[in-house]
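Chain by chain, the residues run as shown.
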Amino acid sequence: MARLVLVDTADQLPGLLPLHAWSAVMSSDLIMLGAEDHPFRAHLENAELRVEIAAQVDEGAALSRTDLLAGMSPQAKRRAEAIVDRVRNEGQVAYLFGPGDEEPFTRVLGMEAARTGVEVEVVYFGVRPKGNRLLELVAVQERLRAPGGCPWDAEQTHASLARYAVEEVYELLEAIESGDRDALNEELGDVLLQVVLQSQIAEDEGTFTIDDVAGGIIDKLVRRHPHVFADMVAKDADSVMANWEQLKAAEKPERTGVFDGVPPAQPALQYVEKLQSRAAHAGFDWEADAEAAQRVALELEEFLAAGDDRTRAKEIGDLLMSVVGLARRHRIDTELALRGAAGRFRRRFERMVAEAGRPLNTLSRSEWLELWDAAKDAEQAGGEPAGD
């Protein structure tokens, strides 16, 4: 009996099929594909299987009223008929879905086979691996950089993309702070695009590929998580971080200085925090939180006592350093804390402007303070932390 096996595939995973799908393909007398450039073609031919490309056909004669009511197009109908004719001549034929095989055509093909008495089996791909669309993103970016692709993408370099990478990270940070999950999803995609595009540029230059990038971080994660991938035991997050730093130091023996590997170009608050963390790891740190708080008070006194602008600038720097040190001991991210304070200030000031109802330069100091307190109270009533 003639038998048509319709096999679902994943275009992004050429050659990859579940065992039951490969079994159906291997037991077929002929494998038919819908297009010359089907992603599976090379893999099937390497397996020395009989492969045939389904011929494209003209619309031919008009369809019957029944076919029209069933939603068939003339071209899909004739193409399905041609495939079914091959099935009836061959015995068992596997037809692999691929690019261009839209759902209406696959439905027409199954209906045509059933109408002519051909047995039909549909073999679904099953659960696609997580990250399937990452491969599609890599393919899209490769196409954009290829000849005949996008002129803008083609002329980009690692250096020209640097500022975009920084911008995307800050937009990601804004999305995280907003709590907007849709925005977070979008901004993560923009950051991911930077990784893929930079990797494609490197591949075009012949230096490394996206697989080298992924492989490098995979190897690093496995090496630095022996409590997960080996037999080491880590009782808490602090133990994990301590072990991470030890493994990192062993991997980079050329870094002999305490501050080697700390990039000065990062935001100042993060730079200070990293320097202090390295120093603390080496043994230079306050013994108690109270000492860190006392240092903040002392630096404030020295700032207030400064007699000239140059000294004041120095002392305000020392004061900020001390504040970062106090925050670090309490595991507070100073960058996020300051951005949170900036956000509160902006919201409250904008509320003040809206509530003032007249030019701001006409407000007295007491009116300013009254509006500020009202804005603060309104924010607290909405569930926001009080702050200052």
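Along each chain, the written sequence defines residue order, and numbers are assigned to residues from 1. In keeping with the model being predicted, local features are shown solely for residues with a pLDDT of at least 70 and side-chain atom pairs are shown and tallied solely at 80 or more, while totals for entire chains, interfaces and linings include all residues. With hydrogens and water stripped out, all remaining heavy atoms of the structure feed into the side-chain values.

1. A closer look at the layout of surface pockets
Piece 1. Put plainly, a pocket is an open set of points on a 1 Å grid over the protein atoms alone with protein on both sides within 12 Å along at least five of seven lines, a cavity is a set where a 1.4 Å probe fits but cannot get out, and a lining residue has an atom within 4 Å of a point. Grid points are joined across faces, edges and corners, and a volume is the space filled by probe spheres set on the points. Volume-wise, the largest pocket comes out at about 990 Å³.
Piece 2. Along the walls of the largest pocket sit 28 residues, with Met 241, Glu 245, Ser 277, Arg 278 and His 281 positioned nearest its centre.
Piece 3. Every helix listed is a DSSP run of H or I at least four residues long, and every strand listed is a run of E at least two residues long, numbered separately from the N terminus. Every element with two or more residues in the lining of the largest pocket is listed here: α12 (237-251), α13 (268-281) and α15 (309-329).
Piece 4. In this classification, Asp, Glu, Lys and Arg are treated as charged, Ala, Val, Leu, Ile, Met, Phe, Trp, Tyr, Cys and Pro as nonpolar, and every other residue, Gly included, as polar. Of the residues that constitute the lining of the largest pocket, the class distribution is seven nonpolar, seven polar and 14 charged.

2. What to know about the pairing of strand β4 (residues 92-96)
Piece 1. Burial status follows relative accessibility: with a 1.4 Å probe on protein chains alone, a residue under 20% of its type maximum counts as buried, one over 50% as exposed, and anything between as partly exposed. Of all the five residues making up β4, five are buried; the element is thus mostly covered by neighbouring parts of the structure.
Piece 2. Two strands pair if DSSP finds at least two bridges between them. Bridge count between strand β1 (residues 3-7) and β4: five bridges; the pairing is parallel. Note that in β4 the partner of Leu 4 across the bridge is Val 93.
Piece 3. Note: strand β2 (residues 30-33) against β4, four bridges, orientation parallel. By the bridge assignment for β4, Ile 31 is matched with Ala 94.

3. What about the packing of aromatic side chains?
Piece 1. Between rings of Phe, Tyr and Trp, where Trp is taken as its six-membered ring, a pair exists when centres lie within 6.5 Å; planes separated by under 30 degrees are stacked, by over 60 edge-to-face, and by other angles tilted. A full pass over the atoms with the stated rule returns five aromatic pairs.
Piece 2. With a centroid separation of 6.1 Å and 65 degrees between ring planes, the pair formed by Tyr 95 and Phe 97 is classed as edge-to-face. Accessibility assignment for this pair places Tyr 95 and Phe 97 in one class, buried.
Piece 3. Seen from their ring centres, Phe 349 and Trp 368 are 5.8 Å apart, and the 25 degrees between their planes marks the pair as stacked. You can see Phe 349 sitting in helix α16 (residues 334-356) and its partner Trp 368 sitting in helix α17 (residues 365-381), a full 19 residues away along the chain.
Piece 4. On the accessibility criterion, Phe 349 (29% relative accessible area) is partly exposed.
Piece 5. Accessibility expressed as a relative area gives 26% for Trp 368, which makes it partly exposed.
Piece 6. Aromatic rings pair up to connect Phe 345, Phe 349, Trp 368 and Trp 372 into one cluster.

4. A few points about the side chain of Arg 348
Piece 1. The topology assignment puts Arg 348 in helix α16.
Piece 2. Think of a polar contact as two N or O atoms within 3.5 Å of one another; within protein, one of them needs to be a possible hydrogen donor and the other a possible acceptor, and neighboring residues in sequence only count if both atoms come from side chains. Of the polar contacts made by the side chain of Arg 348, one reaches the side chain of Glu 379; its length is 2.7 Å.

5. Considerations on α17
Piece 1. With 17 residues, α17 ought to run about 24 Å at 1.5 Å a step, and its terminal C-alpha atoms sit 24 Å apart, in line with that.
Piece 2. Among all positions in α17, only Leu 371, Trp 372, Ala 375, Lys 376 and Glu 379 are buried. One side of α17 carries all its buried residues, which in axial view fall inside an arc of 140 degrees. The exposed set on the far side of α17, more than 90 degrees from its buried face, consists of Glu 370 and Ala 381. Here a helix's expected span is defined as the number of its residues, less one, multiplied by 1.5 Å. Directions from the helix axis toward the C-beta atoms define the arc.

6. Notes on empty space enclosed by the protein
In this approach a probe as big as a water molecule rolls over the atoms, and the regions it shows empty are the leftover space.
Piece 1. Overall, the coordinates contain one cavity of 30 Å³ or more when judged by the stated rule.
Piece 2. Estimated volume of the largest cavity: approximately 40 Å³.
Piece 3. Taken together, Val 138, Val 196, Ser 199, Gln 200, Glu 203 and Ile 210 make up the full set of residues lining the largest cavity.
Piece 4. Tallying contributions element by element places helix α9 (residues 181-205) first for the lining of the largest cavity, with four residues.
Piece 5. Looking at the lining of the largest cavity residue by residue, the classes come out as three nonpolar, two polar and one charged.

7. Regarding the packing of helix α14 (residues 289-305) against α15
Piece 1. Axis definition: a line fitted to C-alpha atoms, limited for helices to the stretch in contact. Angles are taken between N-to-C directions and run from 0 to 180 degrees. Orientation of α14 relative to α15, taken along the N-to-C sense of each, is 165 degrees, at an axis distance of 9 Å. With respect to α15, the element α14 is oriented roughly antiparallel. The way α14 lies across α15 gives a crossing that is left-handed. Contacts between α14 and α15 involve Asp 289, Ala 292, Ala 293, Arg 295, Val 296, Glu 299, Leu 300, Glu 302 and Phe 303 from the first element and Arg 312, Glu 315, Ile 316, Asp 318, Leu 319, Ser 322, Val 323, Leu 326 and Arg 329 from the second.
Piece 2. In terms of residue class, the contact of α14 with α15 is built from nine nonpolar, one polar and eight charged. Throughout, the term roughly parallel applies to angles under 35 degrees, roughly antiparallel to angles over 145, roughly perpendicular to angles from 65 to 115, and oblique to all others. Here a crossing is taken to be left-handed if its near helix is turned anticlockwise relative to the far helix by less than a right angle, and right-handed if that turn runs clockwise. Contacts are assigned to residue pairs that have any heavy atoms within 4.5 Å of one another.

8. What about the nonpolar core?
Piece 1. Residue types Ala, Val, Leu, Ile, Met, Phe, Trp, Tyr and Cys, when buried and joined through side-chain atoms within 4.5 Å, form a set referred to as a nonpolar core. In this structure, Leu 4, Met 32, Ile 83, Tyr 95, Phe 105, Leu 109 and Val 118 are the most contacted members of the largest nonpolar core, which totals 19 residues.
Piece 2. Every element with two or more residues in this core is listed here: β1, β2, α4 (74-90), β4 and α5 (103-115).
Piece 3. Those residues in contact with Val 118, other than ones at most four positions away along the chain, are Met 1, Ala 2, Arg 3, Leu 4, Val 84, Val 87, Arg 88 and Ala 113.
Piece 4. One finds Leu 13, Ala 21, Val 25 and Ala 94 within the second-largest nonpolar core, a separate group that totals 18 residues.

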